Amino acid sequence: MISDCLTINSQGHLVISGCDTVELVREYGTPLYVMSEDKIRQVCRRYLSSFQKNYDGYGCPIYASKAFSCKEIYRIIAQEGLETEVVSGGELYTALLAGVPAEKIHFQGNNKTPDELQFAVEKNVGDIVVDNFYELELLEALGERTGKKASISFRVKPGIDAHTHEFIRTGQIDSKFGLDLQSGEALEAVKKSQSMKFVSLKGLHCHIGSQIMEKEPFVHAAQVMLDFFFRLKKELGITLEHLNLGGGFGIKYIEKDDTIPYEDYMETVSRAVHKKCAEADYPIPKIYIEPGRSIVGEAGITLYTVGAVKEIPQVRNYVSIDGGMFENPRYALYQAEYTCLLGNRANDPADYLATIAGKCCESGDLIQENTLIQKPQSGDILAVLSTGAYNYSMASNYNRNPRPACVMVSKGKSRVIIRRETYEDLVLNDL
Ligand code: LLP
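Residues numbered from 1 in each chain as written. Predicted model: local features only at pLDDT ≥ 70, side-chain atom pairs only at ≥ 80, totals over all residues. Heavy atoms only, no water.

1. Let's talk about the packing of helix 6 (residues 133-146) against helix 7 (residues 185-194)
Then step 1. The geometry of helix 6 relative to helix 7 is characterised by a closest axis approach of 11 Å and an angle of 5° between their N-to-C directions. Judged on the interaxial angle alone, helix 7 and helix 6 are roughly parallel. On helix 7, the residues that touch F133, L136 and E137 of helix 6 are E185, E188, A189, K192 and S193.
Then step 2. Across the contact of helix 6 with helix 7, the residue classes break down as 3 nonpolar, 1 polar and 4 charged. (Axes fitted to C-alpha atoms, helices over the stretch in contact; angles between N-to-C directions. Helix = DSSP H or I, 4+ residues; strand = E, 2+ residues; numbered from the N terminus. Parallel < 35°, antiparallel > 145°, perpendicular 65-115°, else oblique. Contact = heavy atoms within 4.5 Å. Nonpolar A, V, L, I, M, F, W, Y, C, P; charged D, E, K, R; others polar.)

2. Examining the packing of helix 7 against helix 8 (residues 216-236)
Then step 1. For the pair helix 7 and helix 8, the least separation of the axes is 12 Å and the interaxial angle reads 50°. Taken as axis vectors, helix 7 and helix 8 run oblique relative to one another. Crossing hand, helix 7 versus helix 8: right-handed. Counting all contacts with helix 7, which are made through A186, L187, V190 and K191, the residues of helix 8 involved are F228, R231, L232, E235 and L236.
Then step 2. Considering only residue class, the contact of helix 7 with helix 8 consists of 6 nonpolar, no polar and 3 charged. (Left-handed = near helix turned anticlockwise from the far one by under 90°.)

3. With respect to the environment of D348
Then step 1. Mapped onto the fold, D348 is located in the loop between strand 16 (340-342) and strand 17 (352-357).
Then step 2. The partly exposed category is assigned to D348, whose relative accessible area is 32%.
Then step 3. Here the alpha-carbon distance between D348 and I373, two residues 25 residues apart in the chain, equals 8.9 Å.
Then step 4. Only 2.9 Å separates the side chain of D348 from the side chain of R345, close enough to count as a polar contact. (Buried < 20%, exposed > 50% of the residue type's maximum accessible area, 1.4 Å probe, protein only. Polar contact = N/O pair within 3.5 Å; in protein donor to acceptor, adjacent residues only side chain to side chain.)

4. Comments concerning the sheet that holds strand 3 (residues 19-20)
Then step 1. Pairing is antiparallel across the open sheet formed by 3 strands, whose spatial order is 1-2-3. Lying at the two open borders of the sheet, with one neighbouring strand each, are strand 1 (6-8) and strand 3. (Pairing = 2+ DSSP bridges.)

Set out below in structure tokens:
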């Protein structure tokens, strides 16, 4: 199985963290997001112990909550001792409501609105990651009005091109995110911050992309960022406290995805950081990483009921499900690959070539094309694996479909953490 929280029981049913998917469907209906709490906590602990081992605990993983945001995940993350990244007023609001301490929140985004910045400053958010001069000036003006000082870092584009889908690549110069290093824009921003009264610059941040399966781009990014730290010390006499190296670690969607254990990334990057700082006789800054997908991705699956099966001879077999691009838009957006199987007959031979179609009024509403599954019948349960990241968080109400419920499972027990939307919910804001 592509995730260690998944097994198949003697009845041939797919099981997640001790919960039989057939039972889950009976109890909660479909479509249904299921998340393994055990798996999420296990990954958090692996990252944390890597920090202990590689940086003597001087540093911390930050959960990038755009991957999956709801109150319960923020509680779990905080309990595990990770910090939290948010990218909107809505994520910030949810995190605070769930009890995440403001000083443990890092606020990202390439165009934070004046209202969002005000909200963050009022709540004493620990780290506002300033993306551009516009935000920097907004913060200074806000301070002049309210007397409140913002604790900030800068998002820098290290100019690194990681090999991943072009829509989720962010570290290269042609990116809407961050301040450019090569042209001197980032240096200019640091200089400017030093002349300001209401911002206090604490660190730098970079993020080179997502679903990356190599270690080298991370090492390279760390080296480029540290060179900039050294330059700031030399030219401006500034020693910054922290370096946030972003997220982007790849996960397993299909069997042939060749993932690198997180400990390997951590160790390789840490070695490069130690070497470079020793050579420059520079104190190792506090290191952060900011994973999202790798914390929740493999912990999640989505369960559907198979409806119409349409076999078009010499063309393809459409297997329609009761979900679609409204609750998982990733195939429509990125042709993202997934492993699909029948949850109620997981041991049958997977020899049926299927295109999994959603229920939206749109031909491109597909979850997967030409994938091998067990021969399906209407009423079977279709499971799509590794859907814990960027599924619920990217869901919409397209075609006025209610968003599915999300159930958290742990050691054979399940509980609803996000209830299923109702038709009443859909018209709540209609006047
Ligand atoms: N930090 C920053 C500033 C980011 O922009 C991101 C992701 C992360 C951390 C977390 O990266 P991760 O560890 O999850 O790869 N919707 C796309 C992914 C967009 C990622 C955006 N930024 C998808 O479904 O693949």
